[in-house]
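Residue-level structural notes
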Amino acid sequence: AQSVTQLDSHVSVSEGTPVLLRCNYSSSYSPSLFWYVQHPNKGLQLLLKYTSAATLVKGINGFEAEFKKSETSFHLTKPSAHMSDAAEYFCVVSEAGGSYIPTFGRGTSLIVHP
Amino acid sequence: DTGVSQDPRHKITKRGQNVTFRCDPISEHNRLYWYRQTLGQGPEFLTYFQNEAQLEKSRLLSDRFSAERPKGSFSTLEIQRTEQGDSAMYLCASSLAQQGGTDTQYFGPGTRLTVL
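Here's a quick rundown of the structure. (Residues numbered from 1 in each chain as written. Chains lettered and ligands numbered in written order. Predicted model: local features only at pLDDT ≥ 70, side-chain atom pairs only at ≥ 80, totals over all residues. Heavy atoms only, no water.)

**Details of the overall build of chain B**
Per the secondary structure count, chain B includes zero helices and eleven strands. Overall, chain B shows an N-to-C arrangement of helices and strands of β-β-β-β-β-β-β-β-β-β-β. For the C-alpha atoms alone, the extent of chain B along its principal axes is close to 40 × 30 × 30 Å. For chain B, with 116 residues in total, the buried portion stands at 47%. Considering only contacts within chain B whose residues lie at least 6 apart along the sequence, 54% involve residues at least 24 apart. Averaging the coordinates of the 14 positive side-chain charges in chain B and doing the same for the 13 negative ones gives two points 6 Å apart. (Helix = DSSP H or I, 4+ residues; strand = E, 2+ residues; numbered from the N terminus. Buried < 20%, exposed > 50% of the residue type's maximum accessible area, 1.4 Å probe, protein only. Contact = heavy atoms within 4.5 Å. Lys, Arg positive; Asp, Glu negative; His and termini not counted. Charge placed at Lys NZ, Arg CZ, Asp CG, Glu CD.)

**Quick look at the packing of aromatic side chains**
Scanning all chains against the criterion turns up 17 aromatic pairs over all chains. Taken together, a centroid distance of 6.0 Å and an interplanar angle of 85 degrees make the contact between Phe104(A) and Phe107(B) edge-to-face. Residue Phe104(A) is located in strand β11 (residues 103-104), and its partner Phe107(B) is located in strand β10 (residues 106-107); the two belong to separate chains. For Phe104(A), a relative accessible area of 10% puts it in the buried group. Look at Phe107(B) and you get buried, because its relative accessible area is 10%. Centroid distance Tyr35(B) to Phe45(B): 6.3 Å. Interplanar angle 80 degrees. Geometry classified as edge-to-face. Of the two residues, Tyr35(B) sits in strand β4 (residues 31-37) while Phe45(B) sits in strand β5 (residues 44-50), which places them ten residues apart along the sequence. You'll find Tyr35(B) and Phe45(B) in the same group, each marked buried. (Phe/Tyr/Trp six-rings, centres within 6.5 Å; stacked < 30°, edge-to-face > 60°.)

**A look at the sheet that holds strand β3 (residues 19-24) of chain B**
Residue and element names in this part refer to chain B. An order of β1-β3-β8-β7 is seen for the four strands of this open sheet, with the pairing classed as antiparallel. At either margin of the open sheet sits one strand with a lone partner, and together these are β1 (5-7) and β7 (65-68). Between one strand and the next, the sheet's axes are offset by a mean angle of 15 degrees, whatever the strand orientation. With five bridges connecting them, β3 and strand β8 (residues 75-79) associate as antiparallel partners. Within β8, the residue paired with Thr 20 across the bridge is Glu 78. (Pairing = 2+ DSSP bridges. Axes fitted to C-alpha atoms, helices over the stretch in contact; angles between N-to-C directions.)

**Remarks on the state of the cysteines**
As enumerated under the stated definition, the model contains two disulfides over all chains in all. With a sulfur-sulfur separation of 2.0 Å, Cys23(A) is cross-linked through a disulfide to Cys91(A). Judged by the torsion about the S-S bond (-70 degrees), the Cys23(A)/Cys91(A) disulfide is left-handed. In this pair, Cys23(A) sits in strand β4 (residues 23-26) while Cys91(A) sits in strand β10 (residues 87-95), placing the two residues 68 residues apart along the sequence. Between the sulfur of Cys23(B) and that of Cys92(B) lies a disulfide, 1.8 Å long from S to S. Since a negative S-S torsion denotes a left-handed disulfide, the Cys23(B)-Cys92(B) link at about -70 degrees is left-handed. Linking Cys23(B) in strand β3 with Cys92(B) in strand β9 (residues 88-95), this pair joins segments that are 69 residues apart in sequence. (Disulfide = S-S within 2.5 Å.)

**Here's the deal with the interface of chain B and chain A**
Chain B puts 22 residues into the contact, and the matching count from chain A is 21 residues. The junction of chain B with chain A conceals about 1700 Å² of combined surface from both sides, 55% of it contributed by carbon and sulfur atoms. The interface formed by chain B and chain A contains zero salt bridges. Summed over the shared surface of chain B and chain A, the result is four residue pairs in polar contact (both at pLDDT 80 or more). Counting residues per element, the ones that place at least two in the side of chain B that touches chain A are β4 and β5 of chain B. With four residues, the top contributor of residues to the side of chain B that touches chain A is β4(B). Among the residues forming the side of chain B that touches chain A, the class breakdown is eight nonpolar, ten polar and four charged. (Buried area = accessible area lost by both parts, 1.4 Å probe. Salt bridge = Lys/Arg side-chain N within 4 Å of Asp/Glu carboxyl O. Polar contact = N/O pair within 3.5 Å; in protein donor to acceptor, adjacent residues only side chain to side chain. Nonpolar A, V, L, I, M, F, W, Y, C, P; charged D, E, K, R; others polar.)

No statement about biological role is implied by the geometric values presented.
See below:
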């Protein structure tokens, strides 16, 4: 069985400061992990994905995430927030050897203050 | 643009009516997924197809919901006898099957259903 927990429902940062969005997962198999972003009235867009290659994954728009098996975490970071980063972010787990049905977290709303 | 498209974008209906939504995936993608998303929640899996075969259905999917993907191209999701609790955003995604569950899903803009 697989599950994902996004530890914060809202994260508020000032423009130019670092962003950290936290995600813990549970998986019976080797997981694939994804981060998606959803801007208001827009479709979900893939930011990055981990598929058992390099544990540090770089994505679009300066985001990156590190897979830590010992901590069952896949936190999303960005060194410097932009106003355009304000959106809803979803962490997703999918199991190799499972049914390949992704499980989404409940989302973290990123608020960026000028 | 050859992304995933969904039609209609918005649907308002009265309780008890039937509604049907359409999803056109990216043309070379063989997997197609339907999700439901309510306010403040992540997308919730409903069902998925590989080519024309419906391989999985969520236990949350009541008998009033049915989905088809004739010929493995576009898909339709029908809700019969709608209830107010069906009000949500219905999302479609498509992917090219990869080993190990590593598919990247590409999402459409969604159909927002409001049941009065």
